[in-house]
Amino acid sequence: MQTEILGTDGGSLVAAKRYIEAGEVVAFHTETVYGLGANAFSDDAVRRIFALKGRPADNPLIVHVHRDYDISKLIDGEPAYAAALRKAFLPGPLTMVYPSRGKVSKYVSCGLDTLAVRVPSSPTAQAFLRAVDLPIAAPSANLSKHVSPVTAQHVFEDFNGKIPLILDGGPCSGGIESTVLDCTGGVPQILREGLVTREMVASVAGECLLYKRKEGEKPKSPGMAYKHYSPYCRTAYCRSAEEAAALYDAEQAAGGAPAILCESGAVGILEGRNTLDLGANGEEMAQRLYALLRRGEKSATLLIAVEPKEQGGVMAGVMNRLKRAFGGSI
Ligand code: AMP
Ligand code: MG
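The structure displayed is predicted, hence computed values, not measured ones.

Peer 1: Let's hear about the overall build of the chain: which residues, and what values?
Peer 2: Counting its regular elements, the chain contains 10 helices and 15 strands. For a compact globule of 330 residues, the expected C-alpha radius of gyration is about 20 Å, and the chain comes in at 20 Å, within 12% of that figure. Projected onto its principal axes, the C-alpha positions of the chain cover 60 × 50 × 35 Å. Total accessible area computed for the chain in this model is approximately 13800 Å², and 50% of it derives from carbon and sulfur atoms. The averaged location of the 36 negative side-chain charges in the chain is 4 Å from the averaged location of its 36 positive side-chain charges.

Peer 1: Describe the pairing of strand β10 (residues 189–192), naming the residues involved and giving the relevant values.
Peer 2: Here 3 bridges tie strand β9 (residues 179–182) to β10, and the two strands are oriented antiparallel to one another. Within β10, the residue paired with leucine 181 across the bridge is isoleucine 190. A loop of 6 residues connects β9 with β10, the two strands running antiparallel in sequence. Considered for its hand, the β-α-β crossover made up of β10, helix α6 (residues 198–205) and strand β11 (residues 209–210) is right-handed.

Peer 1: Hey, could you go over the sheet that holds strand β3 (residues 35–39) for me, with residue numbers and the actual values?
Peer 2: Sheet architecture is open: 11 strands sit in the order β1-β8-β2-β3-β7-β4-β6-β5-β9-β10-β11, paired in mixed fashion. Every interior strand has two partners, whereas the edge strands, β1 (4–6) and β11, have only one. By the bridge criterion, 3 bridges tie strand β4 (residues 62–64) to strand β7 (residues 136–138) in an arrangement that is antiparallel. Pairing of valine 63 across the sheet is with alanine 137, part of β7. Along the sheet, helix α3 (residues 80–89) makes contact with β5 (94–99) and β9, crossing β5 at roughly 155°.

Peer 1: Talk me through the nonpolar core; I want residue IDs and the actual numbers.
Peer 2: Ranked by size, the top nonpolar core spans 73 residues in total, and within it Leu36, Val108, Ile163, Leu261, Tyr290, Leu293 and Phe326 carry the most contacts. Residues within four places of phenylalanine 326 in sequence aside, it is in contact with Thr235, Ala236, Tyr237, Leu261, Leu293, Leu303, Ile304 and Ala305. Core analysis: the next-biggest nonpolar cluster, separate from the first, contains 14 residues, Phe128, Leu129, Leu134 and Ile136 among them.

Peer 1: Tell me about the packing of aromatic side chains, and name the residues and values.
Peer 2: Per the counting criterion, the structure on display carries 3 aromatic pairs. Judged by centre distance (5.7 Å) and plane angle (35°), the rings of tyrosine 229 and tyrosine 290 are tilted. Highlighted residues: tyrosine 229 in the loop between β11 and β12 (234–238) and tyrosine 290 in helix α9 (residues 282–299), separated in sequence by 61 residues. By relative accessible area, which is 0% here, tyrosine 290 ends up buried. Aromatic side chains tyrosine 237 and phenylalanine 326 sit 6.4 Å apart centroid to centroid with 50° between the ring planes, which places their arrangement in the tilted category. A residue pair is termed long-range when its members are at least 10 positions apart, and tyrosine 237 in strand β12 and phenylalanine 326 in the segment after α10 (315–325) qualify at 89 residues. With respect to burial, tyrosine 237 and phenylalanine 326 carry one shared label: buried. Directly above the ring of tyrosine 69 sits lysine 73, whose terminal nitrogen or CZ lies 4.6 Å from the centroid.

Peer 1: Break down the packing of α3 against α6 for me, citing the residues and quoting the values.
Peer 2: Contact geometry for α3 and α6: axes closest at 9 Å, N-to-C directions at 120°. Here α6 runs oblique to α3, going by the angle between their axes. Crossing of α3 against α6: the hand is right-handed. On the side of α3, the interface is formed by Tyr81, Ala84, Leu85, Ala88 and Phe89, while α6 contributes Met200, Val201, Val204 and Ala205.

Definitions and limits used
Residues numbered from 1 in each chain as written. Chains lettered and ligands numbered in written order. Predicted model: local features only at pLDDT ≥ 70, side-chain atom pairs only at ≥ 80, totals over all residues. Heavy atoms only, no water. Helix = DSSP H or I, 4+ residues; strand = E, 2+ residues; numbered from the N terminus. Rg over C-alpha atoms; globule rule 2.2 N^0.38 Å. Areas by Shrake-Rupley, 256 points an atom, 1.4 Å probe, with all protein chains shown as cover. Lys, Arg positive; Asp, Glu negative; His and termini not counted. Charge placed at Lys NZ, Arg CZ, Asp CG, Glu CD. Pairing = 2+ DSSP bridges. Right-handed = clockwise from strand over helix to strand, strands pointing away. Contact = heavy atoms within 4.5 Å. Axes fitted to C-alpha atoms, helices over the stretch in contact; angles between N-to-C directions. Core = buried A, V, L, I, M, F, W, Y, C linked by side-chain atoms within 4.5 Å. Buried < 20%, exposed > 50% of the residue type's maximum accessible area, 1.4 Å probe, protein only. Phe/Tyr/Trp six-rings, centres within 6.5 Å; stacked < 30°, edge-to-face > 60°. Lys NZ or Arg CZ within 6 Å of the ring centre and 35° of its normal. Parallel < 35°, antiparallel > 145°, perpendicular 65-115°, else oblique. Left-handed = near helix turned anticlockwise from the far one by under 90°.

Okay, structure coming up:
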């Protein structure tokens, strides 16, 4: 199969609709990361996503719909705070988990009685979702465990020859996956941190909990149990730039080609060494993280991360990805 990379002009949306209706999988741009989408009503199409990614069968998918899609067809009721949150943040990088009506394929939620729904703001995603006018089940368009894709080229690297079409909307502006918010209880609860922060949710809903898995407990968001976002090269995680410099010098002395991923403030301390600049604030670091991990794994024998000093806002989501990519505990 030949994999085409196309924008949303010309005949690409007609082709995308045809592929989706035929049970094929199509990758598409969103404002967070690229998604790997299929018709959420079709068992075979949804199972194809799992097979393509090598995704564990108990890690549920998010259903994507266009902004005018009536989600009451898919979900079984909505608390008042969730309706307010939808008004405030959608379309945007917020996934909301509801009681499911069980209308989509059972493979979407992997046996859970809930359904995760998202309305992306990306014009490319909206054009695609509107053209197909179906709920599209889509995880991130990377091989399972690999770094999430933030350009069409990243998707191509993982799925060339395996999918017919990548809808290219340019680099993703957000850069990390959506916030996943459980809306099945009396108070919203964040299952995965992202660009819509706990403070932002609380400012609309009054309060917002943050889910923390207890030792030995089955996670509420199964995907959070897995090693994830990992570059293919060796990695190391350091608390300070000095520690990273020592590791770097040892790797270089042993004939390796190390690289250091760090916030802008640490680049000066590491002068003369190969650094990948994550940026100076949470938004920049979210936007650059995955592209730099993908760049690092191609050239470095050892990729070393320095823990950013920057805190607050979207840094919670960035730190979650960074630590999981580098094998640390969160
Ligand atoms: P990905 O699209 O690869 O970022 O993965 C989707 C994320 O959403 C995973 O972390 C899932 O565990 C989570 N998710 C999807 N559906 C549900 C659900 N019904 N309940 C809780 N978490 C979900
Ligand atoms: Mg993913």
